[in-house]
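# An overview of the molecular structure
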Amino acid sequence: MLENLVIDGQTIKPGERKKIFLRIAALYDYTDISIPIEVIRGKVDGPILFISAAIHGDEINGVEIVKRVLKRVSVDKLKGTLIAIPIVNVFGFNNLSRYLPDRRDLNRSFPGQKNGSLASRLASIFMKEIVNKCTHGIDLHTGAVHRTNLPQIRACLDNATTKTLAKAFGVPVVIDSSLRDGSLREAARRKGIPMLLFEGGEALRFEESIIRSGVKGCISTMRSIGLLPKLKQTELKTEQKTFIANDSYWVRAPHSGSFLVNKHIGARVYKGDVLAKISDPFGESIHQVEADKDGIIIGMTKIPLVSCGDAMFHIATFTNTKKVRQAIELYDELI
Ligand SMILES: [Zn+2]
């Protein structure tokens, strides 16, 4: 049994539920800034999972996902510990911004340095106080401003444990995603901590279907690692199918202008399909935006204005696109 779990100098004993405000820095006016954390520790030992949101401060669907997960768990139900961090980048969250005040991207600043920039210090504290104490992690994201993503998991699938977690989360689409320098995922991997990244919806919105998808995924993952009890056979609904994309590509605007879309998020597309039509201010001089390969739209811009070369549609390719589309339809009905 892990004797003491200590975060920011505070001990969380078995069977305890505690809120911690992890101080990270001060504002110009000396106001202290802290990361809100809730730790729920079961009476029995088990895995230690962190669920974090808003590492990009404007990606807020995850904030609501964490709130709802917190309502679903209790000390009595857990075999192990949940560390919930609804808002990691508190600076960005308060400014409706992806970034920190020093204009750095927190998810490019891991593992950070104790004496580094503000972003680097925050990353370093987060690693030391949270990530290094965990056995598993889930980090919740959305698309950027004016971009939306199909609910999807991104993970390093060459790790067998991570692959099992990715399937357990239960969204139809999983992307075997390479690591970016300075990302939390890369830092966790170096520590040998399997981690999932959930992407869904767009920045600065609470989107009900995305939130439900994230909550369902977090709870399923907790069951799969034994943190929550497994469902009885009779309680299991239709088994969700998960498909790993072979690859993904972006379709870029062939011309500047304004456009109407023909295909939406989650749609199945064939090579040569017209995804959108860009036109001039008179509705003339039309340029078609076409799919390069068959696949599923997993991300797209929401603003109907483009400059030539702007990324418009993110399309994932699969061995059997038809089956993936069917799984998405089934999933949408369940959510
Ligand atoms: Zn993000």
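Residues numbered from 1 in each chain as written. Predicted model: local features only at pLDDT ≥ 70, side-chain atom pairs only at ≥ 80, totals over all residues.

## Points about the overall build of the protein chain
Scanning the protein chain from N- to C-terminus turns up 7 helices and 19 strands. A compact globule built from 335 residues should have a C-alpha radius of gyration of about 20 Å, and the protein chain, at 21 Å, falls within 12% of that. On the principal axes, the C-alpha backbone points of the protein chain span a range of 70 × 55 × 30 Å. Residues counted as buried form 44% of the 335 residues belonging to the protein chain. (Helix = DSSP H or I, 4+ residues; strand = E, 2+ residues; numbered from the N terminus. Rg over C-alpha atoms; globule rule 2.2 N^0.38 Å. Buried ≥ 20, exposed ≤ 12 C-beta atoms within 10 Å, placed from the backbone.)

## Remarks on the sheet that holds strand 16 (residues 287-290)
Ordered in space as 16-15-13-18, the 4 strands form an open sheet in which the pairing is antiparallel. A strand with exactly one partner marks an edge of an open sheet, and here the two such strands are strand 16 and strand 18 (305-306). Pairing between strand 15 (residues 274-279) and strand 16: 4 bridges, direction antiparallel. When the bridges of strand 16 are listed, I278 appears paired with H287. (Pairing = 2+ DSSP bridges.)

## Quick look at the packing of helix 1 (residues 61-72) against helix 6 (residues 208-224)
Running from N to C, helix 1 and helix 6 point in directions that differ by 50°, and their axes come no closer than 9 Å. Overall, the two elements helix 1 and helix 6 adopt an arrangement that is oblique. The two elements helix 1 and helix 6 cross, and the hand of that crossing is right-handed. Contacts between helix 1 and helix 6 involve N61, G62, E64, I65, R68, V69 and R72 from the first element and I210, I211, G214, V215, C218 and I219 from the second. (Axes fitted to C-alpha atoms, helices over the stretch in contact; angles between N-to-C directions. Parallel < 35°, antiparallel > 145°, perpendicular 65-115°, else oblique. Left-handed = near helix turned anticlockwise from the far one by under 90°. Contact = placed C-beta atoms within 7 Å.)

## Some points on the domain arrangement of the protein chain
Taken domain by domain, the protein chain comprises domain 1 (5-235) and domain 2 (247-317). Between the C-alpha centres of domain 1 and domain 2 the distance comes to 32 Å. At the level of secondary structure, the elements contributing two or more residues to the side of domain 1 that touches domain 2 comprise strand 8 (147-155) and strand 9 (173-176). Among the elements that make up the side of domain 1 that touches domain 2, the one with the highest residue count is strand 8 (5 residues). (Domains from an automatic or database assignment.)

## So, helix 6
In a regular helix each residue adds 1.5 Å, so 17 residues correspond to 24 Å; helix 6 covers 24 Å between its end C-alpha atoms and thus fits that length. Of the positions making up helix 6, those classed as buried are I210, I211, S213, G214, K216, G217, C218, T221 and M222. The inward-facing, buried residues of helix 6 abut strand 5 (44-53), helix 1, strand 7 (136-141), strand 8, helix 4 (160-169) and strand 10 (195-201). At the C-terminal side of helix 6, G226 shows a positive phi close to 85°. (Expected span 1.5 Å × (residues − 1).)

## Brief notes about the nonpolar core
L49, I51, I83, V173 and L196 are the most contacted members of the largest nonpolar core, which totals 92 residues. With 5 residues, the top contributor of residues to this core is strand 5. Here this core gathers at least three residues from each of two domains, domain 1 (5-235) and domain 2 (247-317). (Core = buried A, V, L, I, M, F, W, Y, C linked by C-beta atoms within 7 Å.)

## Quick look at the packing of helix 4 against helix 6
Relative placement of two packed helices is described by the angle separating their axes and the distance separating the axes. Running from amino to carboxyl end, helix 4 crosses helix 6 at an angle of 135°, the nearest separation of the two axes being 7 Å. The angle between helix 4 and helix 6 falls in the class oblique. Of the two elements, helix 4 crosses helix 6, and the hand of that crossing is right-handed. Each of T164, L165, A168 and F169 in helix 4 lies in contact with helix 6, whose residues at this interface are G217, S220, T221 and S224. Across the contact of helix 4 with helix 6, the residue classes break down as 3 nonpolar, 5 polar and no charged. (Nonpolar A, V, L, I, M, F, W, Y, C, P; charged D, E, K, R; others polar.)

## Section: the pairing of strand 3 (residues 17-26)
Bridge count between strand 3 and strand 4 (residues 32-41): 9 bridges; the pairing is antiparallel. Within the sheet, the bridge partner assigned to R23 lies in strand 4 and is S34.

## Focus on unusual backbone geometry
Cis geometry is found at the peptide bond from F110 to P111, where omega equals 0°. Looking at where P111 falls in the secondary structure, it is placed in the loop between helix 2 (90-94) and helix 3 (118-129). For D8, which is not glycine, the phi dihedral falls at a positive 55°. With a phi close to 65°, H146 is a non-glycine residue in the positive phi region. Within the element layout of this structure, H146 appears in the loop between strand 7 and strand 8.

## What about the pairing of strand 17 (residues 295-301)?
With respect to burial, strand 17 is a largely interior element, 7 of its 7 residues being buried. Here strand 8 pairs with strand 17 via 3 bridges, running antiparallel. Note that in strand 17 the partner of T148 across the bridge is M300. Bridging between strand 17 and strand 19 (residues 311-317) involves 4 bridges; their strand directions are antiparallel. What sits directly across from I296, in strand 19, is A316.

## Some points on the environment of K67
Take K67: it is sitting in helix 1. Spatially, the C-alpha atoms of K67 and V90 are 16 Å apart, while their sequence positions differ by 23 residues.

## Overview of the environment of R212
Of note, R212 is situated in helix 6. You can call R212 partly exposed: it has 17 C-beta atoms within 10 Å. As for R212 and E64, which are separated by 148 residues in sequence, their C-alpha atoms are 9.5 Å apart.

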